[in-house]
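Okay, here's what each chain looks like letter by letter:
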Amino acid sequence: INEGGDALPVLEANLVLAQRLWSHDEDSVETIKMNIANCLSELGRHDEALVLLREIYRKRRVAKGTAHEGTIFAAVMFADALSRCEAKRDAITLLRKTLPDAQRCLGESHDITLRTVGLFAELIARSATSREEVAEADALAKKYIDVVRRIFGRGHPLMQNFRTLSEQVHAKLESFPA
């Protein structure tokens, strides 16, 4: 079964309906567009997802500013889309700007902050060309693994993700000469 392919026309119809009946509720329309972008990404149509997410991020940044939960979430989604389109450096730049807002506005233990950190550290580690870049990812992973453990416990899937990330980053760090 092709769930993404089956869901896409339903989501697109939902978007048309929302734009017609609830055009004043931009957050709902943008949420539907994010769902469409996720669906497109699942189908391997990353460039189309990127276009939607870029638009959503731009609109939220203009309307709500960078220090708003919805804008921060849109930035993380957009950065993930950038990374899928092989624009990892652009994604890292965006997350480097977004992370301080997430930490300040949402707090260190907020789900969106943790997603921001996880994606940021993963992208840095994957695209690092120097020991210093990998060390930055390693420091982030170590700092936030304790936060995730304290908030969610050792068995939580997010904890497993951070543990795997930390192991991968640490292994890459050891591959560089000291």
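Our structure's up above, just so we're on the same page.
Residues numbered from 1 in each chain as written. Predicted model: local features only at pLDDT ≥ 70, side-chain atom pairs only at ≥ 80, totals over all residues. Heavy atoms only, no water.

## Focus on the nonpolar core
Selection rule: Only buried Ala, Val, Leu, Ile, Met, Phe, Trp, Tyr and Cys residues count toward a nonpolar core, and they belong to the same one when joined by side-chain atoms within 4.5 Å. Categorising residues by exposure relies on relative accessible area from a 1.4 Å probe, with only protein chains included: less than 20% of the type maximum marks a residue as buried, more than 50% marks it as exposed, and the intermediate range marks it as partly exposed. The helix and strand labels rest on DSSP assignments: H or I over at least four residues marks a helix, E over at least two residues marks a strand, and numbering proceeds from the N terminus. By definition, residues are in contact when any of their heavy atoms lie within 4.5 Å.
Formed by 53 residues in total, the largest nonpolar core has its most connected members in Ile36 and Leu53. Counting residues per element, the ones that place at least two in this core are helix H1 (3-21), helix H2 (26-42), helix H3 (46-64), helix H4 (69-84), helix H5 (88-105), helix H6 (111-127), helix H7 (131-152) and helix H8 (157-175). Beyond its immediate chain neighbours, meaning those up to four positions away, isoleucine 36 contacts Leu8, Leu11, Glu12, Leu15 and Leu52.

## Describing H7
Worth spelling out the cut-off: The span one expects for a helix is its residue count, reduced by one, times 1.5 Å.
For H7, with 22 residues, the first-to-last C-alpha span of 31 Å sits near the 32 Å given by 1.5 Å per residue. Residues of H7 that are buried: Val134, Ala137, Asp138, Leu140, Ala141, Tyr144, Ile145, Val147 and Val148. Where H7 ends, the next residue or the one after it, glycine 153, has phi of about 95°, a positive value.

## Description of the state of the cysteines
Note the threshold: We call a pair of cysteine sulfur atoms a disulfide whenever their separation is within 2.5 Å.
Scanning the entire structure with this criterion turns up 0 disulfides. Left without a disulfide partner, cysteine 85 is nearest to the cysteine sulfur of cysteine 39, which lies 16 Å away.

## A closer look at the pattern of salt bridges
Should the charged atoms of two oppositely charged side chains come close, the side chains can pair. Operational definition: We define a salt bridge as a side-chain nitrogen of Lys or Arg found within 4 Å of a carboxyl oxygen belonging to Asp or Glu.
Enumeration over the complete set of coordinates arrives at 16 salt bridges. The salt bridge partner of glutamate 108 is lysine 143, with a shortest N-O separation of 3.5 Å. With glutamate 108 in the loop between H5 and H6 and lysine 143 in helix H7, this pair connects stretches of sequence that are 35 residues apart. Residue class for glutamate 108 comes out partly exposed when judged on its relative accessible area of 30%. Notably, a salt bridge pairs arginine 126 with glutamate 122, separated by 2.4 Å at the nearest N-O pair.

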